[in-house]
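Structure at a glance
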Amino acid sequence: MTDRLLEWMSFRRSGRLGDIASDLADAGAARRIVDDMATLGHIELLSGADWKVAPPVLAMLPKRPDGAITAVLCGARTPSVLASLASACASAGVQLETQLVVARPSVIRVMAASNSGLAAAASAAGIPLQHDAALTLLACTPTIRNWPRTPCPMVAGRVETVHRFSRSRIGWTASTLAEATAARSGFFRIKRDWDWVSLLKTDVSECAYIEHRAGRLAAAAKLKAAAWTASSGALDLPGQLYPPTPVARALALCTGFLPQYDGATRRISFADVPPEILRLTLAITGLRLA
Amino acid sequence: MVGGIGFLAIVGLIAALAIMAGLWEWRRRSRPSGFGTASRPAAATLRVSAPEGTRSDRDVDSGSFCPGTSVKAALDSPAGVSTAILARSALAGPAATRQSGAPGEDEASTQGDLPEAESQPPERGLSIPPPSPPSAEEESEPEVPPLDNDEADGSAPIQLPAEKCPPVPETTSQAAEPADGSPVAQESDTTAQRDGAVPLPIISDAPDGADPPKANGPDDPPQAGIGDQPHAERASTGGAVAQKVGAAASRDDGVPLPSTPDAPDDADPAEADSPEDLSQDSIEDQPDANQQTALCAEADVDKANLPSSSDEADPEDLVELEDASDPVPLFQPDTSAGTTLRPKQPAVHRDRRGKRRTITAAAPPQPVTPAQGGPARPPAEAKLRLSLHPIRRKARLSVLLMRPDGYPARVSVLGAGAEVVEAYDEQRYDDLDLPWTSELLEGELRLTSADGFQWLRSARQVHIFAQDPNEPELISASAARAGIEHTLICRLGDMEAIRLAAAETGSPELQTHEHWQGIPDGWVVLSGYTPVHAAAQLLPSGLRTMDPGEGLEISFEGGLPVRGHVYAAGHPPRIIITPPPGAASVMIGGTPAELSSSGAWTAAGWDAPGQHIIDVVPGPSASYEIAADPWLAGGWDFWDAHPERFGTGAGEPWARAKICGALIRGPADETVFAAETQPTLVALGPRAGATLLRRRADAGVSLCLMAEPPAFLLSATGSRRSQGRVVWLGLAPAQGPSWQHDAEWVATVRSAAARRLPLVHADAPGEDAWRKAKERARRLRKRRPRP
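On a predicted model such as this, the values are computed, not experimentally measured, just so you know.

1. A few points about the interface of chain A and chain B
- Taken together, the 79 residues of chain A in the interface contact 70 residues of chain B.
- Of the residues belonging to the side of chain A that touches chain B, the class tally is 43 nonpolar, 23 polar and 13 charged.

The structure is reproduced here in structure tokens:
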């Protein structure tokens, strides 16, 4: 069904979350699906509930130890794109593989023996090839410490709820506006009459709006919360520390799949993360290995 | 004798005095007690016993009980004018009062204008001491804080809106009817004596809900409303104490009302922060006085002083921030404007429903050759909107240009004065007014934009209009439907044939709109065409669209609808006609359609990209569009989805790179190449181009922007051969790399070759490319590049 949704988005080019028909995605799951599609690099989320489909690109995955060169198809996906890619792969002698994913768009992979073969197939298909997409994306992503934020005055007046992101618990705890006002640092989510705001405090009198995923990571800076398994390359993170979209996209582009979520441990796991991507991820997120 | 006479004289004098006293007492008692008679003694008492207090003074000065410069003006004016005068007086302060005369003078003038019963002076010297003379009041004025202080602490600007604030009729001062003059006079009389007086004490023993005019009986404290000091305080910023009295009295239920938070300009921050104080929330939670009196002045107080005013963010922007998980919040807090609750955005109302664009050209638009290189696509549909004004007897016609998928948001229509028409929504453009000439509807109507887009309305013998639930006025329809009223436009010569055709379908008699303005000669508008059934006989070919048929309906099922009646290529809808049309003919795009085994109607090319029209003759028509695959129509936009991710360092390559999905490109569409940081990293093209990768200071990665995809990466950690290597990237295109002589590339390749750095990750093409690169570098080593 999400393959059809991605195709619809590709025809539509851009739209709002509310434009998605119920036969394409359940109303309750539409937001999550769209968010996952942004993580996979198919679309970009704009301000509010707007989205816009990204152009198709073959994102090259990090080189595997066995030397295989693999790229996944990201971005817009229509029958013509698929037909063009299939034709190009056939002519270039590279392998095209489609793997169905439950409730998410299928993963279309192009596997070649060398970069040259992959580049030739991409060129023949007319689809751009992004070399080492994960590393390049992370290289162009600011660190959480320098993540864009908008300085703002402290929230005042009546608020409904205030939550503080607990660094020790790696989760939200109830707080008060007075505590938030007096705090020298911390990340707060404040529900006002009409909205939520994500407020990062770096001093008593300094606070700024920041994207909430980045804010949580900022609050958890230097926390030994990441775990990496060398044999499998799995990078585990607490679910509450789900990285911002560019970072999550880069980690997802190590395999082309979304991270696995373990409900028992409430942790997410990105697979096949090579050491160089791990080091760069830690440098950007500010997390440390446990 | 003399003593007797003297005694009698004394007795007589005493008797006369007694009679006079009795008369005086009788006359005094016979007067109706009222506000004015009681307020004077009370005011005098207050003058004598009131302690000094700046806040009370300001209340008196700025309250609407103080008529200020001209009580007569207040008496002669309606309530609203009086309020304005009071507000001005409050702004001007005691100085203004002094300029216009001492309170005694005001009082004298008031008395002179009052009715006789109101202007009686005797009670001044009866039970209470007389009021202080003006000189005494002026002496006490230095104790009264001047209103400049109010302005300094910010209350004066807040009073300005009070002048604009319309009086609330339910309030006390408005209850004083200016028609008879007495209540206002009493109130003015009372306040006139309090002008310049010493501060009033807080008297809060007024009965709950007491209406001051009613409560001011002889035994009641006349200043019950004034005694509600917090309310007077609150209202002093708005200059409308009189309007606040009623609300204040209703709040006075024995619970002391906080005054400090209500007057932030007077508030001591330390006090405000103390836990004993009522919080700001508690104040905001008390809606009675704020909401019942609905004083705009008070709203301004909140805007100006409450810290939340400047702290609050635009809700819509923050919702976007919340929903979008956008790393760059769009919200820009407005810290400078303390009086604006939300960032100002220009309110642009663009309800262009039916907006018309008049074309000044006298002649109808002629077909124009599309611009060279314009998009080759079938023309879009052009509809007509008919406006009939029954009173002015005026008819007007405009064109609705449909906007299929891929049509721009703004088009410049050629042949119509190059009129720029903007999109109304995703379905159509704004109306385009065309001069309704005799030739306009003679043939087909074809419009072309400067960039080659076309709209077409085919020629027809009769133009049928009907109501569209989504559009005002009448919109052209392809065919008539049973049970719906239609309006027809036809030539005058066809009118009789149309009347006969209408009768064939059971329609009532058509109404002719003759001599209406706007209808050209030779044309006529007929309204009231409501077909009831299919035509009993086959109508003439040009009039078959008037035949509703047998109530046929065209519907679409399935497909992948991109938007309304637009379906994605490869996923066309199933065309269903119910009930089966029988003898009626079905055409799709002008091609006879067939009923497939699945029950859907198809025709040759019915699922090809473009617009298609389904015609059931006799019967309805419908149109749909198959949207072409965007991959075949130019692809998708590449844009920088995260343009502000680096607030600073915009000149760095990682900050200038554009990210869109999984594609990262340079600002000039360069290739972005990144690698984990090494001491030496040089990206090399196959024949030219050598770019040193720049290292990020905050992460162990380096990257560069290259005009051509690199073929090699020179990586070295030291000067030894074993510390360096050449990595085959294989990203360069097989054909078309640059042949330009690049000395830097030559030097780098020569250096790597001289050091005999190993080539890694290379397949056969990679080894061949490196060998050629070394040969080329050797060949060009002594040649200087051309300037």
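2. Side note on the nonpolar core
- With 149 residues, the main nonpolar core has A:Leu118, A:Ala121 and A:Leu138 as its most contacted residues.
- Excluding residues that lie within four positions of it along the chain, A:Leu118 makes contacts with A:Met60, A:Ile69, A:Ala71, A:Val94, A:Val110, A:Ala112 and A:Leu129.
- Grouped together as the second largest cluster of nonpolar side chains are 48 residues, B:Leu474, B:Leu510, B:Ala534 and B:Ala535 included.

3. Regarding the pairing of strand E12 (residues 186-191) of chain A
All names here are of chain A.
- In terms of burial, E12 is largely enclosed, as 5 of its 6 residues are buried.
- Sheet topology note: the strand E10 (residues 161-166)/E12 ladder contains 4 bridges and is antiparallel. The residue of E12 that forms the bridge with His 163 is Arg 189.
- Sheet analysis places E12 next to strand E13 (residues 196-201), joined by 6 bridges and oriented antiparallel. For Gly 186, the partnering residue across the bridge sits in E13 and is Lys 201.
- The antiparallel hairpin formed by E12 and E13 contains 4 residues in its connecting segment.

4. Observations concerning the packing of helix H3 (residues 79-92) of chain A against helix H4 (residues 115-125) of chain A
Residues and elements named next belong to chain A.
- Between H3 and H4, the least distance of the axes is 8 Å, while the angle of their chain directions is 140°. Looking at the two axes, H3 sits oblique to H4. Along this stretch, H3 crosses H4, giving a crossing that reads as right-handed. Contacts between H3 and H4 pair Ser 84, Leu 85, Ala 88, Cys 89, Ser 91 and Ala 92 from the former with Gly 117, Ala 120, Ala 121, Ala 124 and Ala 125 from the latter.

5. Quick word on the pairing of strand E3 (residues 50-53) of chain A
Residues and elements named next belong to chain A.
- Of the two faces of E3, only one is covered, namely that formed by Trp 51 and Val 53; the face formed by Asp 50 and Lys 52 stays uncovered.
- Judged from the 3 bridges that link them, strand E1 (residues 14-16) and E3 form a sheet pairing that is antiparallel. Counterpart to Arg 16 in the pairing with E3 is Asp 50.
- Bridging between strand E2 (residues 43-45) and E3 involves 3 bridges; their strand directions are antiparallel. When the sheet's bridge partners are listed, Ile 43 is paired in E3 with Val 53.

6. Here we look at the sheet that holds strand E31 (residues 724-728) of chain B
All names here are of chain B.
- Pairing within the open sheet is mixed, and its 5 strands lie in the order E27-E26-E30-E31-E32. Strand pairing shows two members of the sheet lacking a second neighbour, strand E27 (690-692) and strand E32 (759-760), which therefore form its edges.
- Bridging between strand E26 (residues 680-684) and E27 involves 3 bridges; their strand directions are antiparallel. Bridging from a neighbouring strand, Ala 683 pairs with Thr 691 of E27.

7. Some points on the sheet that holds strand E16 (residues 234-238) of chain A
All names here are of chain A.
- If you walk across this open sheet you meet the 5 strands as E17-E18-E16-E15-E19, and the pairing is mixed. Of all strands in the sheet, those bounded by a partner on one side alone are strand E17 (260-262) and strand E19 (288-289).
- Both strand E15 (residues 224-229) and E19 contribute to a ladder of 2 bridges, which runs parallel. Counted as the bridge partner of Lys 224 is Arg 288 from E19.

Thresholds, definitions, all that
Residues numbered from 1 in each chain as written. Chains lettered and ligands numbered in written order. Predicted model: local features only at pLDDT ≥ 70, side-chain atom pairs only at ≥ 80, totals over all residues. Contact = placed C-beta atoms within 7 Å. Nonpolar A, V, L, I, M, F, W, Y, C, P; charged D, E, K, R; others polar. Core = buried A, V, L, I, M, F, W, Y, C linked by C-beta atoms within 7 Å. Buried ≥ 20, exposed ≤ 12 C-beta atoms within 10 Å, placed from the backbone. Helix = DSSP H or I, 4+ residues; strand = E, 2+ residues; numbered from the N terminus. Pairing = 2+ DSSP bridges. Axes fitted to C-alpha atoms, helices over the stretch in contact; angles between N-to-C directions. Parallel < 35°, antiparallel > 145°, perpendicular 65-115°, else oblique. Left-handed = near helix turned anticlockwise from the far one by under 90°.

Structural measurements only, silent on function.
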